[in-house]
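So you can see what is in the structure, the chains are spelled out below.
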Amino acid sequence: MIRVAIVEDDSAERERLRACLRWLEESEGMRFHVTEFASGTAFIGSFQPVYDLIFMDIEMPGMDGMETARALRKMDASVLLIFVTNMAQYAIAGYEVEALDFILKPVNRYSFAIKMKRAAARIPKRIEEYVTIKCEGELRQVPISSVRWLDIDGHYVVYHTTEGDFEEYGTLKEAYGKLNRSFFVFANRGCLVNLYHVSAVNKNSVTVGGSQLDISRPQKKSFLAAMSDFMGGRR
């Protein structure tokens, strides 16, 4: 799975890029996990070094693409960056921030595919890891990277993933033992969060996959410490 961030203020352009990625999933069997940001400020404000590839609009109000890219490079020097722009001459500035390529708007899916395959070849290969979930009498192999958070519903553990929700009879402690990854952290006694999917942390809550989850008082110190270590690249 390739982790992609789209930084683009125009919602129609974001959807056009998403459509190109969906087409590649259908036609080439590629898999993407996509996170969207409507501004450079939002992207930098919640940035975590978890992306393989970033599509960056150059012309954005406020913090434009070049300013955002400079800030990005201070936090992540190696992530692949592709600029998306209306005017080719802007792309020349991409050398300053080591952009891999640029795409002209409106995005054409065939030229996009060529550039995307080139970028994919530069991304270090990941060995996808899976967790086995017994759901509705069947055993499902779910990518660990797709699990956003887990919580409890009665006697069942609910795995909230990018592919949907799956329930398994058991305890959260048992599920935690199966995952056995340091980036899964308890936000409260009944909620286990994948830090890769955290987009914001507030005073008493954490935003994961668009949902706000409570951080309990007893877990707050350890959760924030884990989040700080994770963002610092030590996990």
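This text goes with the structure placed above it.
Fair warning: this is a prediction, and the values are worked out from it, not measured in the lab.

Chemist: Would you mind going over the pattern of salt bridges with me for this structure?
Modeler: Two side chains that carry opposite charge are able to pair once their charged atoms sit near each other. Per the counting criterion, the structure on display carries 12 salt bridges. Across the pair Glu8 and Lys105 runs a salt bridge, and its minimum N-O distance is 3.0 Å. In this pair, Glu8 is assigned in the loop between strand E1 (2-7) and helix H1 (11-28) and Lys105 in the loop between strand E5 (101-104) and helix H5 (109-122), connecting sequence segments 97 residues apart. Residue Glu129 is joined to Arg181 by a salt bridge in which the shortest nitrogen-to-oxygen separation is 3.0 Å. A residue pair is termed long-range when its members are at least 10 positions apart, and Glu129 in the loop between H5 and strand E6 (130-135) and Arg181 in the loop between helix H6 (172-179) and strand E11 (184-188) qualify at 52 residues. With relative accessibility at 22%, the residue Arg181 sits in the partly exposed group. One continuous salt-bridge network, built from bridges that share partners, spans Glu8, Asp57 and Lys105.

Chemist: Mind showing me how you'd approach the sheet that holds E1 here?
Modeler: The pairing of strands in a sheet comes from backbone hydrogen bonds and takes either a parallel or an antiparallel form. Strands sit in the order E2-E1-E3-E4-E5 across an open sheet of 5 strands; the sheet is parallel. Each edge of the sheet is formed by a strand with only one pairing partner; in this case those strands are strand E2 (32-37) and E5. When the angles between neighbouring strand axes are averaged without regard to direction, this sheet yields 20°. Across 5 bridges, the pairing between strand E3 (residues 53-57) and strand E4 (residues 80-85) is parallel.

Chemist: Where do I start with H1 in this structure?
Modeler: For H1, which comprises 18 residues, the first-to-last C-alpha distance of 25 Å matches the rise-based estimate of 26 Å (1.5 Å per residue) to within 8%. Among the residues of H1, Glu13, Arg14, Leu17, Cys20, Leu21, Trp23 and Leu24 are the ones counted as buried. For H1, the secondary structure elements touched by its buried residues are E1, E2, E3, E4 and H5. The N-cap of H1, judged by a side-chain oxygen 2.8 Å from the amide nitrogen of Ala12 a few residues on, is Asp10. Note on H1: the residue one or two positions beyond its end, Gly29, has a positive phi of about 75°.

Chemist: What exactly am I supposed to notice about the pairing of E2 here?
Modeler: In summary, the side chains of a regular strand alternate between the two faces of the sheet. One ladder, built from 6 bridges, connects E1 with E2; its direction is parallel. From the neighbouring strand, Arg3 faces E2, where its bridge partner is His33. Tracing the backbone out of E1, into H1 and back to the parallel element E2 gives a crossover that is right-handed.

Chemist: How do you make sense of unusual backbone geometry when you look at a structure like this?
Modeler: Cis rather than trans, the peptide bond between Lys105 and Pro106 has omega equal to -10°. With respect to the secondary-structure elements, Pro106 resides in the loop between E5 and H5. Residues other than glycine seldom take positive phi values, yet Glu136 does so here, at roughly 55°. Considering the arrangement of structural elements, one finds Glu136 in the loop between E6 and strand E7 (138-143).

Chemist: What is the right way to read the packing of H1 against H5 from this model?
Modeler: Helix packing for two helices is described by the angle between their axes and how far apart those axes are. Taken N-terminus to C-terminus, the directions of H1 and H5 make an angle of 70°; their axes are 10 Å apart at the nearest point. As the angle between them shows, H1 and H5 are arranged roughly perpendicular. Residues Leu17, Cys20, Leu21, Trp23, Leu24 and Glu28 of H1 touch H5, and the partners they reach there are Arg109, Tyr110, Phe112, Ala113, Met116 and Lys117. Of the residues in the contact of H1 with H5, the class split is 9 nonpolar, no polar and 3 charged.

How each quantity is defined
- Residues numbered from 1 in each chain as written.
- Predicted model: local features only at pLDDT ≥ 70, side-chain atom pairs only at ≥ 80, totals over all residues.
- Heavy atoms only, no water.
- Salt bridge = Lys/Arg side-chain N within 4 Å of Asp/Glu carboxyl O.
- Helix = DSSP H or I, 4+ residues; strand = E, 2+ residues; numbered from the N terminus.
- Buried < 20%, exposed > 50% of the residue type's maximum accessible area, 1.4 Å probe, protein only.
- Pairing = 2+ DSSP bridges.
- Axes fitted to C-alpha atoms, helices over the stretch in contact; angles between N-to-C directions.
- Expected span 1.5 Å × (residues − 1).
- Contact = heavy atoms within 4.5 Å.
- Polar contact = N/O pair within 3.5 Å; in protein donor to acceptor, adjacent residues only side chain to side chain.
- Right-handed = clockwise from strand over helix to strand, strands pointing away.
- Parallel < 35°, antiparallel > 145°, perpendicular 65-115°, else oblique.
- Nonpolar A, V, L, I, M, F, W, Y, C, P; charged D, E, K, R; others polar.

These results come straight from atomic positions and should not be treated as a statement about function.
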